[in-house]
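Understanding the architecture of this molecule
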Amino acid sequence: MSGTRISVVAASILIACAAGCQKSADVYDTSPAPGERNVAVDAPVFVKFSRKINAETVTADTFRVYGRYLGEDYPGEITANSDATGFTFKVGAREDGGTGFLTGEEVTVILTDGILGQDNIPYEGKRFTFYVEGEVPESYLGPIRVASTTPPPGREHVPLGTPVTVNFSRKV
């Protein structure tokens, strides 16, 4: 008899999940790829979702293309493909009169939970970074910062004699 109860409970959970446990869309392709280097200054940013997205929710506020050295989001145009699973950002003219990304720029693409699937399930959000070809202009270089360390910060019980590596945000 207890086997029947388990089956009924499992079936109830399955039915409830079919009605309300849907998963948000995933990003399964990008161009440039996360971490890609030597990206052209005029390269479009393409993001492909696993499911159809409500194109009206993909805006400059929910599909942000932030330049670390520019210090703000890049202006540009976002377009959707015909089935609303792919979106392309084409960088536009900057306030300083230039076009495209700055040379040597560290660009972070920020996709927020304001993006909704066509089923109105919010996307969980993601960010990735790529690097534009060329050297960063001196005028955009801020202070040198520690990018990462080995062992990582807060690591306890590190054996004596363990090498310590410090990576900086740019050449020192």
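Check the entry above for the structure.
Residues numbered from 1 in each chain as written. Predicted model: local features only at pLDDT ≥ 70, side-chain atom pairs only at ≥ 80, totals over all residues. Heavy atoms only, no water.

Let us look at the overall build of the protein chain. Across its full length, the protein chain holds 1 helix and 10 strands. Element order for the protein chain, N to C, with α for helix and β for strand: α-β-β-β-β-β-β-β-β-β-β. Taken across its 172 residues, the protein chain has 28% of its residues classed as buried. In the protein chain, 61% of the contacts between residues at least 6 apart in sequence involve partners at least 24 apart. (Helix = DSSP H or I, 4+ residues; strand = E, 2+ residues; numbered from the N terminus. Buried < 20%, exposed > 50% of the residue type's maximum accessible area, 1.4 Å probe, protein only. Contact = heavy atoms within 4.5 Å.)

Among the nonpolar cores identified, the biggest contains 28 residues, and Val45, Phe49, Phe63, Phe101, Leu111 and Phe130 are the most heavily contacted of them. Aside from chain neighbours lying at most four places away, what touches phenylalanine 49 is Ala25, Asp26, Val27, Tyr28, Thr85, Phe87, Ile115 and Tyr123. (Core = buried A, V, L, I, M, F, W, Y, C linked by side-chain atoms within 4.5 Å.)

Per the stated rule, a full pass over the model turns up 5 aromatic pairs. Seen from their ring centres, phenylalanine 49 and phenylalanine 87 are 6.0 Å apart, and the 80° between their planes marks the pair as edge-to-face. You can see phenylalanine 49 sitting in strand β2 (residues 45-49) and its partner phenylalanine 87 sitting in strand β6 (residues 86-91), a full 38 residues away along the chain. The class for phenylalanine 49 is buried, based on a relative accessible area of 2%. Using a relative accessible area of 1% as the deciding quantity, one classes phenylalanine 87 as buried. Taken together, the ring pairs connect Phe49, Phe87 and Tyr123 into an aromatic cluster. Positioned over the ring face of tyrosine 131 is arginine 37, at 4.2 Å from the centre of the ring. (Phe/Tyr/Trp six-rings, centres within 6.5 Å; stacked < 30°, edge-to-face > 60°. Lys NZ or Arg CZ within 6 Å of the ring centre and 35° of its normal.)

Purely geometric stuff here, so don't read any function into it on its own.
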